[in-house]
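Each chain, written out:
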Amino acid sequence: MKMLRLGVKLEACRKLQVLSAQRSISTPRLQSTAVKSIHNDSEYADEAIYPEIQDLSFKARKKRETQSWHDEIRKVPTVEEKMIKINMPRYYGFKVVNLNDTKLPYNCLPAIQHYTRTFYEDIKNTENAVEDSKLSDNQKLEEHVNLVKSDVKDAIEYVYDYFCHEYPDTKNMEPQERESVFASLVVEQVNRTLINGLSSDYMHLQEAEIDYSPRHEAFWSVGGINPPKNVVKSKEGRKWQKEMANEPYDRLMQYSAKPFLAIRQRNQLKPWKSESESTNVGLAKSIPRFNYDPRTLGYVCNHQHVTNVPGFWPGSPNIFGNISYQSRAFLQIRPESYGAEDFREALHAHAIQSSYAWLMGQASFNGFNTYNDLTYPMNTQTILTNGRDWSFYEYQLNTLLVHSHHVDDNPKVNFCRGTADLTLYNEISDTGKIGDINENVLRHLIRFYTNVPEIQRSTSELQPYLGSDAKYIADYKNPDQREFLERTFKNLMSNRPRHLAIPEIYLWEKIYKIDNKTRPMEAKRRFFELDINPWSRTLDQHQKDYIPRAVRPEGPKSKKKWKPTFYP
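Keep in mind it's a predicted model, so treat the numbers as computed, not measured.

Visitor: Which residues make up the packing of aromatic side chains, and what are the values?
Guide: Applying the stated rule across the entire model yields 23 aromatic pairs. Between Phe-119 and Phe-415 the ring centres are 6.3 Å apart and the planes differ by 75 degrees, which places this aromatic pair in the edge-to-face class. Taken together, the residues span a long stretch of sequence, with Phe-119 in strand E2 (residues 118-122) and Phe-415 in strand E12 (residues 414-418) at a distance of 296 residues. Residue classification places Phe-119 among the partly exposed residues on the basis of a relative accessible area of 25%. Judged by relative accessible area, which is 3%, Phe-415 ranks as buried. Arranged with centres 6.4 Å apart and planes meeting at 45 degrees, the rings of Tyr-120 and Tyr-393 form a pair that is tilted. Of this pair, Tyr-120 sits in strand E2 while Tyr-393 sits in strand E11 (residues 389-397); the two residues are 273 residues apart in sequence, bridging distant segments of the chain. Residue Tyr-120 is classed as buried on the basis of its relative accessible area of 13%. Arg-417 extends its terminal NZ or CZ atom over the ring of Trp-272, reaching a point 4.1 Å from the ring centre. In this arrangement the basic side chain of Lys-490 is found over the ring face of Trp-313, its NZ or CZ atom lying 4.9 Å from the centre.

Visitor: Please give an account of the nonpolar core that cites residues and values.
Guide: Soluble globular proteins tend to bury their nonpolar side chains together. Counting residues in each nonpolar core, the largest one holds 51 residues, and the members touching the most others are Tyr-115, Trp-220, Met-253, Tyr-356, Met-378, Leu-397 and Leu-400. Looking at this core, the elements that each hand over two or more residues are strand E1 (94-100), helix H4 (109-116), strand E4 (216-225), strand E5 (249-257), helix H11 (340-364), strand E10 (378-385) and E11. With 10 residues, H11 is the largest single contributor of residues to this core. Beyond its immediate sequence surroundings of up to four residues, Trp-220 is in contact with Leu-99, Tyr-115, Thr-116, Arg-251, Leu-252, Met-253, Tyr-255, Tyr-356, Ala-357, Met-360 and Thr-370. Leu-185, Ile-383, Ile-446 and Tyr-449 belong to the second largest nonpolar core, which has 40 residues in total.

Reading the values: rules and limits
- Residues numbered from 1 in each chain as written.
- Predicted model: local features only at pLDDT ≥ 70, side-chain atom pairs only at ≥ 80, totals over all residues.
- Heavy atoms only, no water.
- Phe/Tyr/Trp six-rings, centres within 6.5 Å; stacked < 30°, edge-to-face > 60°.
- Helix = DSSP H or I, 4+ residues; strand = E, 2+ residues; numbered from the N terminus.
- Buried < 20%, exposed > 50% of the residue type's maximum accessible area, 1.4 Å probe, protein only.
- Lys NZ or Arg CZ within 6 Å of the ring centre and 35° of its normal.
- Core = buried A, V, L, I, M, F, W, Y, C linked by side-chain atoms within 4.5 Å.
- Contact = heavy atoms within 4.5 Å.

Encoded structure:
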């Protein structure tokens, strides 16, 4: 018994020795860790720093989500991927308000000024406008006028003879079509005459790119508009949204047009408004506000993918617009009862929307969009003509932010200035001869053509929101990625309808299934019976392309049977 107790005591002593040895080994490690934590001053601060307290209300959360999405668009590296990213939320497209150059509603100038945040001013004295041009030497200006005057006169007479020969029966043509055809021929010949006469003295005309009947499209978001009835009714049906039912609503504007001719340059035109003049809170508040639904004026809405196409595809070296010739044939279908004042305002409204849209498209190819504002001004020159009557406009784009709260808070303003109608010639005789040419029109034309694009910017300043290594999808090294993004971008910009139309609720379903529950035993297979909203389908929700076994990169037994997608 004593021997047993002695054995137990010896075993206990041995275990105690082992434990003390382990503690002695681990103590230096603990001490060293403690010393390190004491000397790591970066983990401590004199004053406590707490995370920002965020507003958790519905409006604040939505505002943060929207700003986060705008930041995601800004971080996308290439021009094409930014447009794909903007279209990602809607597989079947957005609901947009259509703006075009074929029809402008009555009294639409205040609405267009609101939609584009533009301050318009008239150039009343055309002679003073010419004196402010870069042709400081009036003698040189008169030399250019005398040089091209006879050639312009011969060009118009030639166009008239060609038009009479090519279209002998103009009575069967619509007035709008007849004017557009004749004006396009005059514009082409006048442009050719001026470039031939002035290019020897102005080298930028030799480097210019000329687009005939280009495709000008642009979209932007506009805030400060009263919500439609369906939106008000939907919010009033939810207790937590009742207070927000009548708050201003953002609408997407989509402009689509085809001007007669457009001239593009590599460099930018010089701004005619300084930065201090462009940032003016008082002037911003003086811009007309049109809070009513655009449909009250006569605009039409439809669903489509939003597009930005300034007449060329990304990658062109000449990305800045110099001059565009726009049609004014929409006046042919405008009732005379609208009055002369509305006719003038309609011309101003068309000049503003066409100039803004063209510059918006150019800005999008430099990485900007309606959610990421410009960092420098952009300028262009616009001419509205029917071949006989001419109007000249200059536009300066300073900001693109017109959506949500920016319609009230944005201090920047866009500017447009224009002339009254000027007549190039009085009439054409039966023999095809015209009388005297209005030299004032020629002076304005020469001033536009001799306005040399002087502004050159570094790549980082010109395209601050594009990637340093890849600015276009053509810069990607992965051929599959290039092919996928190119196909997706061109498909979106074409706005072709989907191969399967969007699901719709038929009238008999509205009557017998929704309004009156008369078919309770029928199987619920339709999308509205399964609580599926087709409009919430995103761009990447589709079946991927199948890779046949014979061409799979990892062999026929590879499980990777779907082609990868590269959505931003």
